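Summary of structural features
Here is what each chain is made of, one letter per residue.
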Amino acid sequence: MTYEPRALERKWQERWEDGGRYEADPGDDEDATFVTVPYPYPSGGMHIGHARTYTVPDVYARYRRLQGDDVLFPIAWHVTGTPIIGAVNRLQKGEEEQLSVLRDTYNVPEDELEDLETPMGFARYFIENHYKRNMKSLGLSIDWRREFTTNDERYSKFVTWQYETLREHDRLEKGFHPVKYCTEEENPVTTHDLLEGEDAERQEYTLVKFGLGDTKVPMATLRPETVRGVTNAYIKPDGKYVEAEVDGETWLISHDAAQKLTLQQRDVEIVDEFLGEALVGERVENPVTGEDVLILPADFVDPDNATGVVMSVPAHSPDDWMALQAARADDERMREYGIDPAEVAEIEPKAIIDVDAYDDVFPARAAVAEHGITSADDPLLEEATQEVYNREFHGGTLKDMYGEYAGTVVEDVRDELAAHYRESGDFDAMYDFSEPVVCRCGGDVEVAQQETWFLTYNDEDWKALAHEAVSNMDVVPETSRDQFDHTIDWLEEWPCIRNYGLGTKLPWDDDFVIEPLSDSTIYMAYYTVAHRLRDVPAEELTPEFFDALFYGEDAVDDAPERALELREEYDYWYPVDYRVSGNDLISNHLTFFLFHHADLFEEAQWPEGVAIMGMGLLEGEKMSSSKGHVVLPAEAIEEYGADTVRFFLLNSAQPWQDYDWRADEVESTGKSLERFYNRATDVVDLDAPTAAPRDAENRAAEPRGVPEDVELRRIDRWLLSRLQRTIERTTEAMDAFETRSASQEAFYRFEEDLRWYRKRADLDREATKWVRQEVLRTRLRLLAPVVPFLANELHEKLEGVPVEDAAWPTVDPEFESARVELEERLIDGLVDDVRDIVDVTGTDPDSITVYTPADWKYRVFETVAETGPDIGAVMGKVMQKESLREKGDKVNDLVQDLVADVREYDDEELAALAELDEQALYGDAAGFLSREFDASVDVVPEGDAEDEKAASAVPFRPAIRLE
């Protein structure tokens, strides 16, 4: 039968959906697994990266079901916040980029665009037409009864309970806090709301208030300790600047800086506006040294960065060093702005920090020379600048001109020094981002100081609980554990509200909405009863209802009976066994998830595991929806089939590693599955002997016995033993979330064993027919989590039931044999040795003679195996036997060889070798060797041979003659 993946997959998808296959209800025992993945935010379509994110937990869910667990794998839709509103606003405005993404990337029909012009219309379109449809096509084993959106009335009641409880626990405070603020929406935003600048850092700049008469010209720096090294300043001549009253002082700053300071709760009144050229050539007074500093023109100054006026410390900044050289060399430009070039030439760098890493008194000059930098636009300049900053910060000491701070390491004194000068009025501060940040609505995002409610993640007792939660859970990969602890350590207060947007109102102040990262921390608990809460009137979902649901009958007076009924299901599924999520969410969502669980639940309900996902590339480049550089799952599934998509995504890298979607490799994966299907179909059609399951009432029982009329030979037992190792390794990999290792073991590596078996075995024998069906039966179960459509189809053809009605295979000790595996390895090695000789000599032999070693050599081998790799100890024992002592140097040479050989075997293999008859082994394989090389094959003991070549035979490394 031809392999037609989409037809086969649609059939199974319909069967699963019609039968409610994955609707999970509590069972009679305690074997329950609860696996979750972050619910999607449908502000756009689903791409192939999402497909991998959701398929990894599905593989684990399917694996645990085969292990006999009741498994809950739910999904919901995250619509709170402003990204969807922003997308709708851009659509309503007719922005071409937004229309292009919708039409060209996500294939939204023109006549349906109007349906997307409301937030929930937009969300529903992508939920139904992208996420949900693709998830079903991928075969995700989701319990769809439990889906909800985060603005559902009942879910909001749950969030309300969470925040009232957190407030009761003193986990919320109100105060001013720096936040990301969209100037278009006039609303705080989080990383998930951003179109650009997701990785931008919020930086607190020190403002050094240089004087121009009674007016201040603040210049921003991240290195306040360098104030004594300032030699000049720069301003953008055609930039927009203002004279403004800032908290009672007159400041000259950029127009952008005035707006930013206003957002940061400074009292700002603009008095006058001017271009930067008005300040070029002026001299301003350094507030710390009293020295005059000349302001030079520079196009590299960005008025949108901090105050728009930059102080220069050329001795300690490679950037400033190169800028000064450029200014000195540009006499014409200086004269254009009325500056005497001689004044610029007189500017000399000032050394203020000693650092052992450089011999030069001016570290900046040394770094420029070391990196071979010759111009201000050299890409190495940024690296050199950062290098100097780091070395001076961690190891530099301030020179004598710093008085009481002289001799101290910069790292130890920077904050104290800045605070000292702030108290004296010479310094100030402001926030800004390290790079431009843009909201999804298209508005600029700035740092604003806002009075807000924030979660007190900086509380030491809460941090301690979160650390404890990390220490108690399984983290995949283990290397990510430190990232959690690091995030917990640096997290400070987190603003948890917005001025507007979709979501739950702050219970005690409905002017605000709880922001998306803050309302999505413990919703996994809601999944456990989401489908049953629909029968409870929303007005009955009071805080007392949820207290009874999550904390039990004793938590409230007169606990609602319905809540206690639902508690049984909550208690059955909770805690979460594994939360599967992206590495980028450790710094926010995943750590918040731990904080909130640690505060709101008893330790027994804390998360038991987290599995981290890597990122996806497309043909070697980062995927980008806005640039149309994505692969849509629907298109990939139609072209290659869902099993191929799943198999490639899971087999190309371990889940926590980044992967690269490459069309040629995906196509190759599809061909591999097609070959597997065709060969499997041939095996299914074999008229093979059968044995009843050991449990006659259950066709899925494991393991099966060998039919009475089947006589297994060595090669059959070898394949069955290899199968047990495959079961063991695949199981270990699945337990560790190593989906790539699991698929490699069950598919590719075992295919190599099958190729060898097909070469070695007489495939017409009844035993080989049974063995191949037994192997297929087992492999289909091992592969079922990864390629569920194909595995179910073939298993039903073979066994009469879907693979989901079967059990995960277990190792059958009856079929394990280290000796048989080792014997076959020796035959494989012999084939390789013959082939190597053929290749080296270029011969096409008519005859092959295999010489097995003399008996005395085995006695030496046994001594080496018993004694270990100590050559002296081995020789001491060997020479006690007169028959061996007589052979002199031959024994010594053999011991040298065998000590190296023995190191390659473990104890089990050495025990197997002790019982092995090489003569019989190679004699039994002579027919196979003859077919393989189209030559006659003789196996001759060294003692019966006249050929001197025979003397080179070593135990388990026979000598070979080709003629």
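Residues numbered from 1 in each chain as written. Predicted model: local features only at pLDDT ≥ 70, side-chain atom pairs only at ≥ 80, totals over all residues. Heavy atoms only, no water.

**Notes on the pairing of strand 1 (residues 32–36)**
Inclusion rule: Each residue's exposure class comes from its accessible area (1.4 Å probe, protein chains only) as a fraction of the maximum for that residue type: buried when under 20%, exposed when over 50%, partly exposed otherwise. Each helix is a run of H or I in the DSSP string that is no shorter than four residues. Each strand is a run of E no shorter than two, and both are numbered from the N terminus. Note on pairing: two strands pair once DSSP finds at least 2 bridges between them. Looking down the strands as they point away from you, a crossover is right-handed if its path from the first strand over the helix to the second goes clockwise.
The element strand 1 is largely enclosed, with a buried count of five among its five residues. Because side chains alternate across strand 1, one face comprises the buried residues Ala32, Phe34 and Thr36, and the other comprises Thr33 and Val35, equally buried. Pairing of strand 1 with strand 2 (residues 70–72), which is carried by three bridges, proceeds in the parallel orientation. By the bridge assignment for strand 2, Phe34 is matched with Leu72. Viewed along the sheet, the connection from strand 1 through helix 2 (residues 48–66) into strand 2 turns out right-handed. As defined by bridge partners, strand 1 adjoins strand 25 (residues 578–582) across two bridges and the pair is classed as parallel. Each bridged residue has a counterpart across the sheet, and for Thr36 the counterpart in strand 25 is Arg579.

**Here we look at the packing of aromatic side chains**
The cut-off we apply is this: Whether two aromatic rings pair depends on their centres lying within 6.5 Å, for rings of Phe, Tyr and Trp, where Trp uses its six-membered ring; planes under 30 degrees apart make the pair stacked, over 60 edge-to-face, and the rest tilted. Note on criteria: charge over ring means Lys NZ or Arg CZ within 6 Å of the ring centre, with the direction from the centre no more than 35 degrees off the ring normal.
Counted by the stated rule, this structure contains 57 aromatic pairs. Ring centres 6.1 Å apart and planes at 15° place the aromatic pair Phe546 and Phe550 in the stacked group. Taken together, the residues span about one helical turn, with Phe546 and Phe550 both in helix 18 (residues 543–551) at a distance of four residues. For the pair shown, Phe546 and Phe550 are each scored as buried. Lying over the aromatic face of Trp144, Lys136 brings its terminal NZ or CZ to 5.5 Å of the ring centre. Over the ring of Tyr402 we find Arg228, and its NZ or CZ is 5.4 Å from the ring centre.

**Remarks on the sheet that holds strand 27 (residues 616–618)**
One key point about sheets: their strands pair by backbone hydrogen bonds, in either a parallel or an antiparallel sense. Pairing is mixed in the open sheet, where three strands are placed in the order 28-27-29. The open sheet is flanked by strand 28 (621–622) and strand 29 (659–661), the only strands paired with a single partner. Alignment of strand 27 against strand 28, held across two bridges, turns out to be antiparallel. For Leu617, the partnering residue across the bridge sits in strand 28 and is Lys622.

**Remarks on unusual backbone geometry**
Most peptide bonds take the trans configuration, and most residues that are not glycine carry a negative phi. Look at the link from Val476 to Pro477: it is a cis peptide, with omega at 0°. Its location among the elements puts Pro477 in the loop between strand 20 (474–476) and helix 15 (481–490). For the peptide bond that leads from Tyr574 to Pro575, omega is 10°, which places it in the cis range. As for its position among the elements, Pro575 is in the loop between helix 19 (561–573) and strand 25. We note that Asn107 has phi near 55°; this positive angle belongs to a residue other than glycine. With respect to the secondary-structure elements, Asn107 resides in the loop between helix 4 (96–105) and helix 5 (119–137). Exposure remark for Asn107: the relative accessible area of 40% places this residue in the partly exposed category.

**What to know about the packing of helix 25 (residues 739–760) against helix 35 (residues 926–933)**
Where we set the bar: With axes taken as lines fitted to C-alpha atoms, and helix axes fitted only over the stretch in contact, angles between N-to-C directions fall between 0 and 180 degrees. Throughout this description, any angle smaller than 35 degrees is read as roughly parallel, any larger than 145 degrees as roughly antiparallel, any in the 65 to 115 degree range as roughly perpendicular, and the remainder as oblique. Contacts were defined at the residue level, with two residues in contact if any of their heavy atoms lie within 4.5 Å. Any residue outside Ala, Val, Leu, Ile, Met, Phe, Trp, Tyr, Cys, Pro, Asp, Glu, Lys and Arg is labelled polar, Gly included; the first ten of those are nonpolar and the last four are charged.
Relative to each other, helix 25 and helix 35 sit at 100°, their axes nearing to 10 Å. With respect to their mutual orientation, helix 25 and helix 35 come out roughly perpendicular. Here helix 25 contributes Trp756, Lys759 and Arg760 to the contact with helix 35, which in turn contributes Phe928, Arg931 and Glu932. Its residues placed into classes, the contact of helix 25 with helix 35 shows two nonpolar, no polar and four charged.

**Here we look at the nonpolar core**
Threshold: Residues enter a nonpolar core if they are buried and are Ala, Val, Leu, Ile, Met, Phe, Trp, Tyr or Cys, with the set joined through side-chain atoms within 4.5 Å.
Judged by nonpolar contacts, the single largest core of 157 residues is most densely connected at Ile48, Met135, Trp661, Phe676, Ile848, Val860 and Leu913. The dominant element in this core, judged by the number of residues it contributes, is helix 2, at nine residues. Grouped together as the second largest cluster of nonpolar side chains are 72 residues, Phe546, Phe593, Trp606 and Val610 included.

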